[in-house]
Amino acid sequence: MIEIKGLTKKYGQFTALDDLNLTLDEGTVFGFVGANGAGKSTTFLIVSTLLQPTSGDVIINGVSVREKPADIRKLIGYMPDFFGVYDQLKADEYLDFYGASYGIPEEDRKKLIPQLLELVNLSHKRDSYVDLLSRGMKQRLCLARCLIHDPKVLILDEPASGLDPRARIEMRDILKTLKGMGKTILISSHILPELAEMCDEIGVIDNGKLIAHGSVAEIQKKLQGEKMITVRLAAQSAEAISFFEEQPFVTSIEKLEGDEGVSFIYRGEEAEQIDMLKQAILNDLPILSFMEHVTNLEDVFMEITKGAD
Amino acid sequence: MNFTNPVLFKELKLRFRSFKGFNGILFFLLAMCIFVFGYIFLTVNLTGTSYFKPSQSFVLFAFLSYIQLGLVLFTAPGLTAGSISSEREKQTLPILLTTSQSSFQIISGKMLSSVAFLLMLIVAGLPVYSLVFLFGGISPGDFVKIFLFLFVTLLAIGSIGVMFSTLIRRTVVSMIATYGMMLFLSVVTGFLFIIVIQMKAFNHMGTPVTSPSYLGQFLASINPAVLFATFLSPELNRSITEMTKINFPIWAGYLIFYGIVTALALFIAVKKLRVNMKRLK
Ligand SMILES: Nc1ncnc2c1ncn2[C@@H]1O[C@H](COP(=O)(O)OP(=O)(O)O)[C@@H](O)[C@H]1O
Ligand SMILES: [Mg+2]
C-alpha cells in the first residue's frame with residue numbers, strides 16, 4: 001500500500017532524512033515517533049507532495065509521489081503540524097471550499113458536510129467562524145477536511161500536540177473511528193504513549209534514520225533482556241556503588257534520589273543476574289532490597305533513541 | 001478542463017463579506033462624484049457661462065480616464081501581490097496545495113478574484129462617465145478604447161503581482177517588488193523615453209538623425225500614460241513617429257508587450273506554485 005524507498009532529504013549540508021525505508025499494508029495505523037527535529041514532518045511533507053526529496057521515492061497504491069504527484073493528492077488527506085484557517089469563513093463553508101477544491105459536486109457536498117461535522121463532533125459549530133474555534137476544534141475540523149474526498153490514506157502530523165487532555169481523548173476517539181473505517185493512517189508524535197494504544201505499528205525515527213519498526217509488542221520485546229534494577233541500601237556506601245559499577249551488563253547507573261541506593265539498567269541473562277546478587281551479598285554490602293521494574297513505553301522510547309547516537 | 005473555480009468563488013465571497021469591498025466601491029464612487037460635480041460647478045461659475053461646453057466635457061473625460069488608470073495602477077498591485085504569499089504567511093497554503101486543484105486553477109482563481117473586484121470598481125464608475133456623454137465631446141469609440149486598455153493594463157499588473165507573490169515568501173517584499181515594477185513601467189519608461197530621444201537628437205553635431213530609434217519606440221509603447229495620451233489626443237501618435245522615425249501604432253505595441261508580460265507572469269506563477277517533485281538534484 002505505502003512504500004517509502006530510500007527517502008533522503010538534505011537541507012544544504014544537513015541531512016534531515018537519511019535513506020528511510022518503510023512498507024505499510026493497507027488499513028495499518030502507523031505511529032511515527034521521534035523527538036523534535038527527528039524528521040517526522042519532513043517525511044510527511046514529502047509524502048504529501050509538498051517537499052521535493054533529495055533522493056528516493058514514495059509509492060502509494062502503485063502511484064509514485066515523484067512521477068504523479070497530482071494523482072497522489074487524490075489518495076491522501078494531509079493534516080500539517082501547524083496550519084491556519086481562513087478568517088471570515090464559517091465551519092460548513094470551510095469544508096465546502098475544500099470539497100469544491102477536490103471537485104466534489106455541490107449536491108454531494110451538501111450531504112457530506114453534515115456527516116463530517118457529526119463525525120468530528122462539530123455539528124453545533126457549523127455556523128461558527130473557523131478562526132474563532134478553539135485549537136482542539138480547529139484540529140478536528142481540519143481532520144474533517146482531510147476526509148472530505150474520502151482518501152485511502154491519512155497523514156496526520158502531530159494531531160494531538162497542543163491539545164488539553166480532554167481534547168486529546170476526543171481526537172483519539174475520532175481516530176479510532178477512522179481506523180474502523182479501514183483507512184491507512186500515518187500519525188506522528190513526539191510522545192510515544194499517546195500513540196501506543198491506537199497504533200498497529202510503530203516506527204521510531206531519530207536524526208533522520210528509522211531505528212526501529214514493528215508492532216508495539218515487538219518494540220517492547222526489543223528491549224526485553226533489559227531491565228531497570230533498583231537496589232536500596234541501608235547506608236550509602238561507596239563500596240556498594242563501585243561494586244555495581246564494575247559488574248558486566250550494568251549501564252546508566254545512578255544514585256537514588258531521596259533514598260540510599262542505586263538504580264541501573266541491566267542487560268545480562270537471568271543466571272548472570274543471580275550470580276551478581278549472590279556476589280553482592282557475599283561481599284557484605286548493606287542491601288535492603290533488590291527490585292526489578294518493567295520498563296514502560298516511554299522509557300523504551302527514550303532508550304531506543306539514546307542508543308542511536 | 002474544469003471551469004468551476006473554488007478559489008475564485010471563495011475569495012469573492014470573503015471580499016464582500018468583510019465590507020472592505022463595499023467600502024472601497026462606495027468611497028471611490030463618492031470621490032468621483034465630488035470631482036465631477038466640483039469640476040462642472042467650478043467651470044460654470046468661473047467662466048460665467050450658465051452651461052457646460054463640450055470642450056470642457058472632454059477635459060473632464062480625460063481627467064476621469066487618468067483617474068481610472070491611476071486606480072488600476074495603484075490598486076492592482078495591492079490586490080494581487082499578497083494573493084499567494086499571504087496564504088503562505090497564514091499557513092493555509094500547504095493545505096490548499098494538497099487539494100486536487102491544478103496550479104493553473106489556483107493561480108487563475110487568485111488572479112480573477114482580484115481582477116473582478118477592480119473591474120467592479122471601474123464599472124461602478126460608469127454612471128459618472130455617462131454624465132460626460134450627456135454633455136458631448138466624446139465618441140463612444142474613445143470610450144471603448146480606454147476601457148479595453150484599462151483592462152489590458154489591469155491584467156498585466158495583476159499577473160505581475162501574482163507572480164511576485166508566488167516567487168517571494170513575504171507579502172511585504174512582494175508588494176514592494178510589484179509597486180516597483182508598476183512605477184518602472186508607468187513612470188521610469190517615460191523618463192527613459194525622453195532621454196533616449198534627446199540623446200538621439202543630439203548625437204551628430206547639428207545634423208538631425210534619420211535612423212529609427214527602436215528603443216525609443218519601445219519605451220513609448222509600454223508606457224500606459226503615453227498610451228492614454230495618444231487616445232485623448234491622436235496627434236501625439238504623429239509626434240512620436242517623428243521622434244522615433246518608426247511608424248508603428250503605440251496601442252499595438254502596448255497590446256503585444258503586455259500580452260506577453262501577462263502570459264509569461266502567469267506561466268511562471270503556475271510553474272513555481274508547487275515544488276517540482278520530478279526533478280532530481
Ligand atoms: N526548511 C528547512 N531548512 C533547513 N532545515 C530544516 C528545514 N525544515 C526542517 N529542517 C530541519 O530538519 C530536521 C527535521 O525536521 P522535522 O522533519 O520538522 O522534524 P520533526 O517533525 O520530527 O520534529 C530538523 O533538524 C529541522 O531543523
Ligand atoms: Mg514536526
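All values derive from a computational prediction rather than experimental measurement. (Residues numbered from 1 in each chain as written. Chains lettered and ligands numbered in written order. Predicted model: local features only at pLDDT ≥ 70, side-chain atom pairs only at ≥ 80, totals over all residues. Heavy atoms only, no water.)

A. Structural context of the sheet that holds strand β13 (residues 261-266) of chain A. Residue and element names in this part refer to chain A. Across the sheet, which stays open at both edges, the four strands sit in the order β12-β13-β11-β14 with antiparallel pairing between neighbours. Edge positions in the sheet fall to β12 (250-255) and β14 (287-293), since each has one partner strand and no second. Ignoring which end each strand starts from, the neighbouring axes of this sheet average 20° apart. By the bridge criterion, six bridges tie strand β11 (residues 227-233) to β13 in an arrangement that is antiparallel. Residue methionine 228 lies in a different strand from β13, and its bridge partner there is isoleucine 265. In the packing of helix α9 (residues 238-246) onto the sheet, the strands contacted are β11, β12, β13 and β14, and the crossing angle to β12 comes to about 160°. Its contacts with the sheet place helix α10 (residues 270-282) against β11, β12, β13 and β14, and it is angled at close to 165° to β14. (Pairing = 2+ DSSP bridges. Helix = DSSP H or I, 4+ residues; strand = E, 2+ residues; numbered from the N terminus. Axes fitted to C-alpha atoms, helices over the stretch in contact; angles between N-to-C directions. Contact = heavy atoms within 4.5 Å.)

B. Seen up close, the pairing of strand β9 (residues 201-206) of chain A. Residue and element names in this part refer to chain A. β9 sits mainly inside the fold: six of its six residues count as buried. Both faces of β9 are covered, namely the face carrying Glu201, Gly203 and Ile205 and the face carrying Ile202, Val204 and Asp206. Across four bridges, strand β3 (residues 29-33) lies against β9 in parallel orientation. Directly across from phenylalanine 32, in β9, lies its bridge partner glycine 203. Judged from the six bridges that link them, β9 and strand β10 (residues 209-215) form a sheet pairing that is antiparallel. Paired with aspartate 206 across the strands is lysine 209, a residue of β10. Counted along the chain from β9 to the antiparallel partner β10, the turn is two residues long, and its residue asparagine 207 has a positive phi close to 50°. (Buried < 20%, exposed > 50% of the residue type's maximum accessible area, 1.4 Å probe, protein only.)

C. The arrangement of the interface of chain A and chain B in detail. Facing 36 residues of chain A, the contacting portion of chain B comprises 27 residues. Among the residues chain A hides against chain B, the three largest losses belong to Gln52(A), Arg73(A) and Tyr86(A). Together they make up 23% of the total. At the junction of chain A and chain B, the tally comes to one salt bridge. The closest approach of N and O atoms between Glu93(A) and Lys13(B), which form a salt bridge, is 3.8 Å. Mapped onto the side of chain A that touches chain B, the elements with two or more residues apiece are α2 (69-75), α3 (91-101) and α5 (135-146) of chain A. In terms of residue count, the dominant contributor to the side of chain A that touches chain B is α3(A) (six residues). (Buried area = accessible area lost by both parts, 1.4 Å probe. Salt bridge = Lys/Arg side-chain N within 4 Å of Asp/Glu carboxyl O.)

D. The site of ligand 1, seen in detail. All names here are of chain A. Contacts to ligand 1 come from Tyr11, Phe14, Ala16, Ala35, Asn36, Gly37, Ala38, Gly39, Lys40, Ser41 and Thr42. A distance of 3.2 Å separates an oxygen atom of ligand 1 from a polar atom in the backbone of alanine 38. At 2.8 Å from an oxygen atom of ligand 1 is found a main-chain nitrogen or oxygen belonging to lysine 40. In the complex, the protein chains occlude 59% of the 560 Å² of accessible area that ligand 1 would expose alone. Where the shell around ligand 1 is concerned, the elements lending two or more residues are β2 (14-24) and α1 (40-47). Tallying contributions element by element places α1 first for the shell around ligand 1, with three residues. A per-class count over the shell around ligand 1 returns five nonpolar, five polar and one charged. (Near = heavy atom within 4 Å. Polar contact = N/O pair within 3.5 Å; in protein donor to acceptor, adjacent residues only side chain to side chain. Areas by Shrake-Rupley, 256 points an atom, 1.4 Å probe, with all protein chains shown as cover. Nonpolar A, V, L, I, M, F, W, Y, C, P; charged D, E, K, R; others polar.)

E. Fine view of a nonpolar patch on the surface. Residues and elements named next belong to chain B. Among the surface-exposed residues, Phe74, Leu183, Phe184, Val187, Val188, Phe191, Leu192, Ile194, Ile195 and Met199 lie close enough to one another that they form a single nonpolar patch of about 900 Å² accessible area. By residue number, the principal contributor to the nonpolar patch is helix α9 (residues 171-201), which donates nine residues. Turning to its location among the elements, valine 188 is positioned in helix α9. With a relative accessible area of 33%, valine 188 lands in the partly exposed category. (Patch = residues over 30% accessible without salt bridge, like charges linked within 9 Å, V, L, I, M, F, W, Y side chains within 5 Å.)

F. Expanded view of the environment of Ser102(B). Residue and element names in this part refer to chain B. The residue serine 102 is located in the loop between α5 (93-98) and α6 (103-124) in this model. For serine 102, a relative accessible area of 34% gives the class partly exposed. Distance in space between the C-alpha atoms of serine 102 and arginine 274 is 9.7 Å, their sequence separation being 172 residues.

None of this, on its own, says anything about what the molecule does.
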